[in-house]
Amino acid sequence: DGGITQSPKYLFRKEGQNVTLSCEQNLNHDAMYWYRQDPGQGLRLIYYSQIVNDFQKGDIAEGYSVSREKKESFPLTVTSAQKNPTAFYLCASSIYRGPYNEQFFGPGTRLTVL
Amino acid sequence: ILNVEQSPQSLHVQEGDSTNFTCSFPSSNFYALHWYRWETAKSPEALFVMTLNGDEKKKGRISATLNTKEGYSYLYIKGSQPEDSATYLCAFGGGSQGNLIFGKGTKLSVKP
(Lines give C-alpha, C1' and ligand atoms only; values in the text may rest on other atoms or scores of the structure.)
Protein backbone atom coordinates (compact mmCIF):
# COMPACT_ATOMS: atom_id res chain seq x y z
CA ASP A 1 0.00 0.00 0.00
CA GLY A 2 1.23 3.49 -0.84
CA GLY A 3 1.48 5.95 1.97
CA ILE A 4 3.51 7.93 4.43
CA THR A 5 5.09 6.49 7.54
CA GLN A 6 6.43 8.39 10.49
CA SER A 7 8.45 7.04 13.36
CA PRO A 8 8.47 6.88 16.23
CA LYS A 9 4.85 7.44 17.25
CA TYR A 10 5.92 8.82 20.64
CA LEU A 11 9.27 10.36 21.49
CA PHE A 12 10.62 11.64 24.75
CA ARG A 13 13.61 13.91 24.90
CA LYS A 14 15.60 15.49 27.63
CA GLU A 15 16.25 19.20 27.44
CA GLY A 16 19.40 19.97 25.50
CA GLN A 17 19.21 16.91 23.26
CA ASN A 18 18.69 16.86 19.53
CA VAL A 19 16.19 14.33 18.19
CA THR A 20 15.35 13.25 14.66
CA LEU A 21 11.86 12.38 13.46
CA SER A 22 11.58 10.06 10.50
CA CYS A 23 9.25 10.51 7.52
CA GLU A 24 9.15 8.14 4.55
CA GLN A 25 6.80 8.07 1.56
CA ASN A 26 6.37 5.56 -1.26
CA LEU A 27 3.93 7.66 -3.28
CA ASN A 28 6.63 8.94 -5.63
CA HIS A 29 5.78 12.50 -4.61
CA ASP A 30 8.21 15.31 -5.27
CA ALA A 31 7.07 17.63 -2.48
CA MET A 32 7.25 16.93 1.24
CA TYR A 33 6.33 19.02 4.28
CA TRP A 34 6.69 19.12 8.04
CA TYR A 35 3.95 20.65 10.19
CA ARG A 36 3.64 21.23 13.87
CA GLN A 37 0.38 21.16 15.80
CA ASP A 38 -0.10 22.72 19.22
CA PRO A 39 -3.34 22.67 21.23
CA GLY A 40 -5.83 25.21 19.90
CA GLN A 41 -3.72 26.02 16.86
CA GLY A 42 -3.85 25.14 13.20
CA LEU A 43 -1.09 23.16 11.51
CA ARG A 44 1.96 25.38 11.10
CA LEU A 45 4.57 24.77 8.42
CA ILE A 46 8.10 24.13 9.64
CA TYR A 47 9.98 23.17 6.45
CA TYR A 48 9.12 22.01 2.97
CA SER A 49 10.96 20.44 0.08
CA GLN A 50 9.99 20.66 -3.57
CA ILE A 51 12.56 18.18 -4.83
CA VAL A 52 15.52 16.10 -3.74
CA ASN A 53 18.41 18.14 -2.32
CA ASP A 54 16.24 21.21 -1.97
CA PHE A 55 14.33 22.49 1.05
CA GLN A 56 12.99 25.81 2.28
CA LYS A 57 12.03 27.27 5.63
CA GLY A 58 8.37 27.53 6.48
CA ASP A 59 6.75 29.84 8.99
CA ILE A 60 8.35 28.43 12.15
CA ALA A 61 11.73 26.96 11.12
CA GLU A 62 13.80 28.27 14.01
CA GLY A 63 15.32 25.43 16.04
CA TYR A 64 14.64 22.81 13.36
CA SER A 65 16.67 21.34 10.52
CA VAL A 66 15.88 18.95 7.66
CA SER A 67 17.55 17.06 4.85
CA ARG A 68 16.26 15.61 1.58
CA GLU A 69 18.90 13.25 0.27
CA LYS A 70 16.37 10.79 -1.17
CA LYS A 71 13.00 11.39 -2.76
CA GLU A 72 11.34 9.05 -0.29
CA SER A 73 12.75 10.50 2.91
CA PHE A 74 12.47 13.87 4.68
CA PRO A 75 13.74 13.62 8.28
CA LEU A 76 13.24 16.47 10.73
CA THR A 77 15.75 17.23 13.47
CA VAL A 78 14.52 19.12 16.50
CA THR A 79 17.56 20.82 17.93
CA SER A 80 18.26 22.06 21.42
CA ALA A 81 17.75 25.58 20.04
CA GLN A 82 14.01 24.95 19.70
CA LYS A 83 12.63 26.64 22.79
CA ASN A 84 9.32 24.82 23.06
CA PRO A 85 9.58 21.53 21.16
CA THR A 86 6.80 19.60 22.91
CA ALA A 87 4.16 19.22 20.19
CA PHE A 88 2.60 16.88 17.65
CA TYR A 89 4.51 16.70 14.36
CA LEU A 90 2.93 15.76 11.04
CA CYS A 91 4.74 14.95 7.82
CA ALA A 92 2.96 15.29 4.48
CA SER A 93 3.65 14.94 0.80
CA SER A 94 2.07 16.02 -2.48
CA ILE A 95 2.82 15.12 -6.06
CA TYR A 96 4.18 18.62 -6.62
CA ARG A 97 4.30 21.73 -4.46
CA GLY A 98 1.52 24.19 -5.10
CA PRO A 99 -1.95 25.11 -3.88
CA TYR A 100 -3.87 22.74 -6.18
CA ASN A 101 -2.35 19.49 -4.99
CA GLU A 102 -3.90 17.60 -2.13
CA GLN A 103 -1.51 16.65 0.62
CA PHE A 104 -1.18 13.15 2.04
CA PHE A 105 -0.32 12.93 5.70
CA GLY A 106 1.51 10.51 7.93
CA PRO A 107 0.17 9.41 11.32
CA GLY A 108 2.33 11.88 13.26
CA THR A 109 4.91 11.84 16.04
CA ARG A 110 4.20 13.21 19.49
CA LEU A 111 7.34 14.70 20.99
CA THR A 112 7.56 15.41 24.69
CA VAL A 113 10.49 17.18 26.28
CA LEU A 114 11.08 16.08 29.85
CA ILE B 1 -0.22 37.44 8.18
CA LEU B 2 -2.92 35.52 6.33
CA ASN B 3 -5.70 34.21 8.54
CA VAL B 4 -7.96 31.22 8.01
CA GLU B 5 -10.84 31.01 10.47
CA GLN B 6 -13.10 28.04 11.10
CA SER B 7 -16.34 28.07 13.03
CA PRO B 8 -17.63 26.69 15.21
CA GLN B 9 -14.63 25.36 17.11
CA SER B 10 -16.62 22.28 18.13
CA LEU B 11 -20.02 20.83 17.44
CA HIS B 12 -22.04 18.09 19.12
CA VAL B 13 -24.95 16.62 17.18
CA GLN B 14 -27.21 13.59 17.35
CA GLU B 15 -27.06 10.80 14.81
CA GLY B 16 -29.24 11.72 11.87
CA ASP B 17 -28.85 15.48 12.28
CA SER B 18 -27.55 17.48 9.37
CA THR B 19 -24.87 20.00 10.14
CA ASN B 20 -22.62 22.56 8.53
CA PHE B 21 -19.57 24.59 9.37
CA THR B 22 -17.65 27.49 7.91
CA CYS B 23 -14.17 28.30 6.72
CA SER B 24 -13.29 31.97 6.14
CA PHE B 25 -10.19 32.94 4.20
CA PRO B 26 -8.64 35.95 2.42
CA SER B 27 -10.61 36.87 -0.69
CA SER B 28 -7.54 38.11 -2.55
CA ASN B 29 -4.90 36.04 -4.31
CA PHE B 30 -7.03 32.90 -4.09
CA TYR B 31 -5.88 29.71 -5.78
CA ALA B 32 -7.44 26.81 -3.89
CA LEU B 33 -9.34 25.78 -0.77
CA HIS B 34 -8.83 22.34 0.71
CA TRP B 35 -10.99 20.39 3.18
CA TYR B 36 -9.48 17.55 5.21
CA ARG B 37 -11.05 15.11 7.66
CA TRP B 38 -8.93 14.08 10.63
CA GLU B 39 -10.23 11.19 12.69
CA THR B 40 -8.73 10.49 16.09
CA ALA B 41 -5.58 8.35 15.93
CA LYS B 42 -5.54 8.53 12.13
CA SER B 43 -3.92 10.73 9.50
CA PRO B 44 -5.75 13.72 7.99
CA GLU B 45 -7.35 12.78 4.66
CA ALA B 46 -8.35 15.09 1.85
CA LEU B 47 -12.07 15.51 1.22
CA PHE B 48 -12.11 18.23 -1.42
CA VAL B 49 -9.83 20.61 -3.29
CA MET B 50 -11.86 23.52 -4.62
CA THR B 51 -10.57 26.09 -7.06
CA LEU B 52 -13.44 27.93 -8.77
CA ASN B 53 -15.87 30.45 -7.34
CA GLY B 54 -19.23 28.77 -7.05
CA ASP B 55 -17.68 25.31 -6.93
CA GLU B 56 -19.78 22.64 -5.27
CA LYS B 57 -18.27 19.27 -4.46
CA LYS B 58 -19.92 16.16 -3.05
CA LYS B 59 -18.69 12.89 -1.60
CA GLY B 60 -21.45 10.71 -0.25
CA ARG B 61 -23.27 12.64 2.47
CA ILE B 62 -20.63 15.36 2.62
CA SER B 63 -20.67 18.38 0.35
CA ALA B 64 -18.90 21.71 0.17
CA THR B 65 -19.46 25.07 -1.46
CA LEU B 66 -17.04 27.86 -2.27
CA ASN B 67 -17.39 31.63 -2.50
CA THR B 68 -14.03 33.15 -3.37
CA LYS B 69 -15.34 36.70 -3.77
CA GLU B 70 -16.44 36.92 -0.17
CA GLY B 71 -13.88 34.45 1.15
CA TYR B 72 -15.81 31.56 2.64
CA SER B 73 -16.55 27.89 2.18
CA TYR B 74 -19.22 25.76 3.81
CA LEU B 75 -18.96 22.06 4.57
CA TYR B 76 -22.27 20.22 4.94
CA ILE B 77 -22.90 16.77 6.36
CA LYS B 78 -26.33 15.32 5.72
CA GLY B 79 -27.68 12.80 8.22
CA SER B 80 -24.60 12.68 10.47
CA GLN B 81 -23.37 9.28 11.57
CA PRO B 82 -21.04 8.42 14.48
CA GLU B 83 -18.31 7.60 11.97
CA ASP B 84 -18.41 11.25 10.83
CA SER B 85 -16.94 12.23 14.20
CA ALA B 86 -13.64 13.91 13.39
CA THR B 87 -11.91 17.25 13.17
CA TYR B 88 -12.51 18.96 9.85
CA LEU B 89 -9.69 21.19 8.64
CA CYS B 90 -9.76 23.72 5.88
CA ALA B 91 -6.62 25.06 4.21
CA PHE B 92 -6.21 28.12 2.00
CA GLY B 93 -3.86 28.03 -0.95
CA GLY B 94 -2.84 31.53 -2.01
CA GLY B 95 -0.34 32.18 -4.77
CA SER B 96 0.63 29.79 -7.53
CA GLN B 97 3.66 28.61 -5.56
CA GLY B 98 2.17 29.18 -2.15
CA ASN B 99 1.97 26.79 0.73
CA LEU B 100 -1.30 25.89 2.42
CA ILE B 101 -2.45 27.85 5.44
CA PHE B 102 -4.58 25.75 7.78
CA GLY B 103 -7.43 26.77 10.02
CA LYS B 104 -7.71 25.46 13.57
CA GLY B 105 -10.42 23.00 12.63
CA THR B 106 -13.97 22.19 13.66
CA LYS B 107 -14.30 19.17 15.93
CA LEU B 108 -17.52 17.27 15.23
CA SER B 109 -18.92 14.71 17.66
CA VAL B 110 -21.91 12.65 16.57
CA LYS B 111 -23.76 10.82 19.33
CA PRO B 112 -25.59 7.60 18.48
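Since this is a predicted model, take the numbers as computed values, not measurements.

Student: Would you explain a nonpolar patch on the surface in this entry?
Tutor: Together, A:Tyr10, A:Phe12 and A:Leu114 make up an exposed nonpolar region whose accessible area comes to about 390 Å². If you trace the backbone, A:Tyr10 turns up in strand β2 (residues 10-13).

Student: Any chance you could explain the state of the cysteines here in plain terms?
Tutor: The bond known as a disulfide is covalent and runs between the sulfur atoms of two cysteines. Residue and element names in this part refer to chain A. For the structure shown, the criterion picks out two disulfides over all chains. The disulfide partner of cysteine 23 is cysteine 91, and the gap between their sulfur atoms is 1.8 Å. Because the sign of the S-S torsion sets the handedness, a value of about -75° for the bond joining cysteine 23 and cysteine 91 places this disulfide among the left-handed ones. Taken as a pair, cysteine 23 in strand β3 (residues 19-25) and cysteine 91 in strand β9 (residues 87-94) lie far apart in primary sequence, 68 residues in all. This pair shows no difference in class: cysteine 23 is buried, exactly as cysteine 91 is.

Student: Is there a simple way to think about the environment of A:Leu111 in this case?
Tutor: Residue and element names in this part refer to chain A. Looking at the element boundaries, leucine 111 is found in strand β11 (residues 109-113). The class of leucine 111 is buried, set by a relative accessible area of 0%. Excluding residues that lie within four positions of it along the chain, leucine 111 makes contacts with Leu11, Arg13, Val19, Val78, Pro85, Thr86, Ala87 and Tyr89.

Conventions adopted
- Residues numbered from 1 in each chain as written.
- Chains lettered and ligands numbered in written order.
- Predicted model: local features only at pLDDT ≥ 70, side-chain atom pairs only at ≥ 80, totals over all residues.
- Heavy atoms only, no water.
- Patch = residues over 30% accessible without salt bridge, like charges linked within 9 Å, V, L, I, M, F, W, Y side chains within 5 Å.
- Areas by Shrake-Rupley, 256 points an atom, 1.4 Å probe, with all protein chains shown as cover.
- Salt bridge = Lys/Arg side-chain N within 4 Å of Asp/Glu carboxyl O.
- Helix = DSSP H or I, 4+ residues; strand = E, 2+ residues; numbered from the N terminus.
- Disulfide = S-S within 2.5 Å.
- Buried < 20%, exposed > 50% of the residue type's maximum accessible area, 1.4 Å probe, protein only.
- Contact = heavy atoms within 4.5 Å.

Scope: geometric values only; no functional claims are made or implied.
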